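# Architecture and fold: a report
This is what each chain is made of:
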Amino acid sequence: EMALCATLFQWAGSAHSSVALVLIKDEIETKYTMTLKGDVHEVMVELSPRKYHFFFVVDGKKTYIGEQPHFFDSLSGNIFNVINVLENSRHTIPYEGENFSQFEPLTVRITNILRQYPDGSQILKEILQNADDAKARSVKILYDTR
């Protein structure tokens with residue numbers, strides 16, 4: 001059996017009346033109420049080594065930490081942070097900044113990125129290079145002429 005890893009999640013800002021962490025493991029959400037200590041809400045969670053998705057609920061509103069690894073789930077329309085807990089490690093997920101959860105839809109974001117490239121083929125080269133750098137096993141591209 002693998003040892004659990006102490007993982008400290010933090011949310012800065014004493015102005016918030018309630019802050020909770022929601023961890024997602026195997027599509028099951030577990031909510032942890034965070035305690036205010038000074039100017040920071042925090043909770044320590046013992047986690048098994050693996051990848052987790054999570055988000056925060058701040059004063060009743062779902063949000064995430066933009067400075068930490070995150071992704072947009074197009075099926076649910078939500079943005080989740082990601083943490084990969086490694087065996088025999090300690091993690092601290094700090095947040096010190098403005099609470100923002102605004103985001104643009106993925107299709108709008110991609111369209112805006114593509115407009116920034118003067119040569120249409122350059123973006124394809126960059127996508128392939130990024131996939132290679134990430135050691136991707138496959139890259140799927142759909143070219144829609146609409």
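Residues numbered from 1 in each chain as written. Predicted model: local features only at pLDDT ≥ 70, side-chain atom pairs only at ≥ 80, totals over all residues. Heavy atoms only, no water.

Relative to strand β6 (residues 50–58), strand β2 (residues 19–25) runs antiparallel, the two sharing six bridges. Following the sheet pairing, V19 is matched in β6 by V58. Judged from the five bridges that link them, β6 and strand β9 (residues 78–85) form a sheet pairing that is antiparallel. The residue of β9 that forms the bridge with Y52 is I83. Here β6 runs beside strand β7 (residues 61–63); their pairing, made up of three bridges, is antiparallel. Considered in β7, the bridge of V58 is made with K61. Taking the residues between adjacent antiparallel strands as the criterion, β6 and β7 are bridged by two residues, where D59 takes a positive phi near 50°. (Pairing = 2+ DSSP bridges. Helix = DSSP H or I, 4+ residues; strand = E, 2+ residues; numbered from the N terminus.)

In this section: the confidence of the model for the protein chain. Taken residue by residue, the protein chain gives an average pLDDT of 80. The fraction at 70 or more is 78%. Summarising per-element confidence for the protein chain, the mean pLDDT is lowest in strand β10 (residues 91–93) (60) and highest in strand β3 (residues 28–33) (94). Across residues 97–103 the pLDDT falls below 50, and counting only partners more than four positions away or on other chains, this stretch makes 17 contacts in the model. (pLDDT = per-residue confidence, 0-100. Contact = heavy atoms within 4.5 Å.)

Let's shift gears to the nonpolar core. Ranked by internal contacts, the top residues of the largest apolar core, which has 17 residues, are F9, L21, L23, M34 and F56. Of all the secondary structure elements, the ones that give two or more residues to this core are β1 (5–12), β2, β5 (40–47), β6 and β9. For this core, the element with the highest residue contribution is β6, accounting for four residues. Each residue touching F56, except ones within four places of it in the same chain, is listed here: F9, Q10, W11, V19, A20, L21, M34, K61, K62, T63, I65 and N81. (Core = buried A, V, L, I, M, F, W, Y, C linked by side-chain atoms within 4.5 Å. Buried < 20%, exposed > 50% of the residue type's maximum accessible area, 1.4 Å probe, protein only.)

Looking now at the pattern of salt bridges. Counted by the stated rule, this structure contains two salt bridges. Between R50 and D26 there is a salt bridge, with its nearest N and O atoms 3.3 Å apart. Taken together, the positions of R50 in strand β6 and D26 in the loop between β2 and β3 put the pair 24 residues apart, joining distant regions of the chain. We note a salt bridge from E42 to K37, for which the minimum N-O separation is 3.5 Å. (Salt bridge = Lys/Arg side-chain N within 4 Å of Asp/Glu carboxyl O.)

Moving on, we come to the environment of V139. Looking at where V139 falls in the secondary structure, it is placed in the segment after α2 (120–133). Once the C-alpha coordinates of V139 and L128 are considered, the two residues, 11 residues apart in sequence, prove to be 7.6 Å apart. Setting aside residues no more than four positions away along its own chain, V139 makes contact with I127, L128 and A131.

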